[in-house]
Amino acid sequence: MSTENLNKDEALDKMKSMVKDIQTCMFVTDFGNKPLSAVPMTTKEVDKEGNIWFFSRLDSDHNGDIAKDNDVQLLYSDTSDMEFISIYGKASIETNEGVLKEFYHKMDDAWFDGVDDPNLTAIKVVPKLIFGITNRTNL
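This structure is a prediction, so every number in the text was calculated from the model and none was measured. In this convention, every chain numbers its residues from 1, walking through the sequence in written order. Residue-level local features of this predicted model are given only where pLDDT is at least 70; pairs of side-chain atoms are given and counted only at 80 or more, and the full residue set underlies all totals for whole chains, interfaces and linings. The basis for the side-chain values is all heavy atoms of the structure; hydrogens and waters are excluded.

A. Local environment of the pairing of strand 1 (residues 24-29). Strand direction decides the pairing type here: strand 1 and strand 2 (residues 37-42), joined by six bridges, are antiparallel. Within strand 2, the position partnered with V28 by the bridge is A38. Here the rule is simple: two strands pair whenever DSSP picks up at least two bridges between them. The way it works is that DSSP assigns letters per residue, a run of H or I at least four long becomes a helix, a run of E at least two long becomes a strand, and they are numbered from the N terminus. Inspection of the sheet shows strand 1 paired to strand 5 (residues 71-78) by four bridges, in the antiparallel sense. The partner of M26 across the bridge, within strand 5, is L75.

Have a look at this one:
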């Protein structure tokens, strides 16, 4: 493993690539309580600004946690390639119809009753601190 640190733009590009490749993370909320609240979440999209998007239910515990404290930690790992990334960020709950339609896919029907499901929300995570390790570089 290298100890090379990437510049901001390189780190952002690498973060986007790793998140898109790994897709599923442990999504941690409610840092003030123990045990921490951690649930597996599948990434819907990483937008051009580097924001990370997820779908969740309006009535979910993690949505409730975010409403109280929007600090989140995303933990992605791909042990087959020895790539790991931890992303600390600020989350917000989005109900904008355009956003929901943009990211909704037929496979989401397993959890929601279509894009018009009143319990469908998107979570937007704005990364603030990224730490990652790949078999070649540190972010």
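B. Molecular detail of the packing of aromatic side chains. A pair of aromatic rings is counted whenever rings of Phe, Tyr or Trp (Trp by its six-membered ring) have centres within 6.5 Å, and the orientation is called stacked for planes under 30 degrees apart, edge-to-face for over 60 and tilted otherwise. Tallying each qualifying case throughout the model produces four aromatic pairs. A ring pair is formed by F55 and Y104, whose centres lie 5.8 Å apart and whose planes are at 40°; its orientation type is tilted. In this pair, F55 sits in strand 4 (residues 52-57) while Y104 sits in the loop between helix 3 (97-103) and strand 7 (120-133), placing the two residues 49 residues apart along the sequence. With respect to class, F55 is no different from Y104; both count as buried. With a centroid separation of 6.2 Å and 80° between ring planes, the pair formed by F55 and F112 is classed as edge-to-face. Of this pair, F55 sits in strand 4 while F112 sits in the loop between helix 3 and strand 7, and the two are 57 residues apart along the sequence. Per residue, the accessibility class of F55 equals that of F112, and both read buried. Linked through ring pairs, F55, Y104 and F112 together constitute an aromatic cluster. When a residue's accessible area, from a 1.4 Å probe over protein chains only, is under 20% of the maximum for its type it is buried; when over 50% it is exposed; and in between it is partly exposed.

C. Representation of helix 2 (residues 61-68) within the structure. What helix 2 keeps buried is the set H62, N63, D65 and I66. Around the axis of helix 2, the buried residues are gathered within 160° of arc, so they sit on the same side. Seen from the open side of helix 2, the exposed residues pointing more than 90 degrees away from its buried face are D61, A67 and K68. Note: the arc covers the axis-to-C-beta directions of the helix.

D. Inspection of unusual backbone geometry at higher detail. In this model, K34 is joined to P35 through a cis peptide bond whose omega is 0°. Relative to the assigned elements, P35 resides in the loop between strand 1 and strand 2. Phi at Q23 is positive, roughly 70°, even though this residue is not glycine. Mapped onto the secondary structure, Q23 falls in the loop between helix 1 (8-22) and strand 1. Phi at M82 takes a positive value of approximately 55°, unusual for a residue other than glycine. Following the sequence through the fold, M82 ends up in the loop between strand 5 and strand 6 (83-94).

E. Fine view of the pattern of salt bridges. The term salt bridge refers to a pairing of a side-chain nitrogen on Lys or Arg with a carboxyl oxygen on Asp or Glu at a separation within 4 Å. Within the structure shown, the criterion is met by six salt bridges. The partner of K90 in a salt bridge is D71, and the shortest N-O contact between them spans 2.4 Å. Separated by 19 residues along the polypeptide, K90 in strand 6 and D71 in strand 5 bring together distant segments of the chain. Judged by its relative accessible area of 29%, K90 falls in the partly exposed class. Between E97 and K101 there is a salt bridge whose closest N-O contact spans 2.9 Å. Residue E97 and its partner K101 are located together in helix 3, separated by four residues, close to a single helical turn.

Function-wise, these values are silent; they only describe arrangement.
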